[in-house]
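Coordinate inspection notes
Listed here are the chains, written in short residue letters.
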Amino acid sequence: VYKRQVLLSGDEALKKPGTLKKLLAQLQQQGTKILRQEGFARSAMRLEHRLDLRYSGQAYELNVSAQGDFVAAFHRAHEMRYGYHDRERPVEIVNVRCRATGNTEKPRTGKLPPRRRREFAPAPETVSLEFAGRNRKASLYARENLRAGDTFAGPAVVMEYSATTLIPPDWKACVDAYGQIILSRRS
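It should be emphasised that the depicted structure is a prediction, and the values quoted were computed from it without experimental measurement.

Parameters and conventions
- Residues numbered from 1 in each chain as written.
- Predicted model: local features only at pLDDT ≥ 70, side-chain atom pairs only at ≥ 80, totals over all residues.
- Heavy atoms only, no water.
- Helix = DSSP H or I, 4+ residues; strand = E, 2+ residues; numbered from the N terminus.
- Buried < 20%, exposed > 50% of the residue type's maximum accessible area, 1.4 Å probe, protein only.
- Contact = heavy atoms within 4.5 Å.
- Expected span 1.5 Å × (residues − 1).
- Polar contact = N/O pair within 3.5 Å; in protein donor to acceptor, adjacent residues only side chain to side chain.
- Pairing = 2+ DSSP bridges.
- Axes fitted to C-alpha atoms, helices over the stretch in contact; angles between N-to-C directions.
- Core = buried A, V, L, I, M, F, W, Y, C linked by side-chain atoms within 4.5 Å.

The next subject is the environment of Gly102. In this structure, Gly102 sits in strand β4 (residues 91-102). Residue Gly102 is classed as partly exposed on the basis of its relative accessible area of 22%. Residues Gly102 and Met45, spaced 57 residues apart in sequence, show a C-alpha to C-alpha distance of 4.7 Å. Excluding its chain neighbours within four sequence positions, the residues that come into contact with Gly102 are Leu35, Phe40 and Ala44.

Structure follows, in structure tokens:
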């Protein structure tokens, strides 16, 4: 977000929009330049202009879109936030803003392959864990060895580089097509 502090009369800015347009264009130019340096094409850029407005003399502002009649939008926003508005009271612009966003494609999520018909899952190791004051043998699985459709009962532990998943007794785990471990209570 590129921001510039100003103090402009809202009514003046509506009557003579040149000053406001110039300020917003400068901020937009900064945002566009940075996005270009990041490798974004113009078609992948989204630029949003917003204003922080307040009634003259107030110490707090409300943020509204710079499009259209932003003074009327401020009165509506003030009514919604504080329960009143005063169209006779002068409104001033405190800050102008330009949010520059580079849109990227959604990452593709690959599906986890299922285990082949004759492929057996590596036999899990076992560890001793305590559940409700009782020692229990738990299966220990390496996450990278799991495949879509694998199902196993707790107590079990799934270990990976960045996390450990505990499957308590009376629960079962099923690995879905995206590699997520879905837990459900055994009946």
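Moving on from the coordinates now.
Before going further, it helps to spend a moment on helix α3 (residues 70-82). Here α3 spans 18 Å end to end across 13 residues, near enough to the 18 Å set by a 1.5 Å rise per residue. Among the residues of α3, those classed as buried are Phe70, Val71, Ala72, Ala73, Phe74, His75 and His78. Elements in contact with the buried residues of α3: α1 (10-15), α2 (18-37), β2 (45-55), β3 (62-65) and β4. Of the residues flanking the start of α3, the one acting as N-cap is Asp69, its side-chain oxygen 3.3 Å from the backbone nitrogen of Val71. One or two steps after α3, the chain reaches Gly83, where phi turns positive at roughly 85 degrees.

So, about the sheet that holds strand β1 (residues 2-9). Each strand in a sheet pairs with another by means of backbone hydrogen bonds, the pair being arranged parallel or else antiparallel. The strand order β1-β4-β2-β3 describes an open sheet built from four strands, whose pairing is antiparallel. Each edge of the open sheet carries a strand with a single partner, namely β1 and β3. Strand-to-strand twist in this sheet, taken as the mean axis angle between neighbours without regard to direction, amounts to 30 degrees. Relative to β4, β2 runs antiparallel, the two being bridged by eleven bridges.

Attention shifts here to the nonpolar core. Ranked by internal contacts, the top residues of the largest apolar core, which has 20 residues, are Leu20, Leu51, Leu53, Phe70, Ile93 and Val96. Listed by contribution, the elements that provide at least two residues to this core are α2, β2, β3, α3 and β4. Leaving out residues up to four positions away in the same chain, Ile93 has contacts with Val6, Leu7, Leu8, Gly10, Ala13, Leu20, Leu51, Asp52, Leu53 and Phe70. Formed by nine residues, the second largest nonpolar core is a distinct cluster that contains Leu146, Ala156, Val158 and Ala173.

Take the pairing of strand β11 (residues 181-185) next. Relative to β11, strand β10 (residues 171-175) runs antiparallel, the two sharing five bridges. Residue pairing across strands places Ala173 opposite Leu183, the latter belonging to β11. Hairpin remark: β10 followed by β11, antiparallel, with five residues in the connecting loop; positive phi at Gly179, about 85 degrees.

What follows is about the sheet that holds strand β9 (residues 164-167). What the four strands build is an open sheet, ordered β5-β6-β8-β9; its pairing is mixed. Of all the strands in the sheet, just β5 (125-131) and β9 have a single pairing partner and so form its edges. This sheet shows a mean twist of 30 degrees between the axes of neighbouring strands, independent of strand direction. Of the pairings in the sheet, the one linking β5 to strand β6 (residues 134-142) comprises seven bridges and is antiparallel in character. Paired with Val127 across the bridge in β6 is Ala138.

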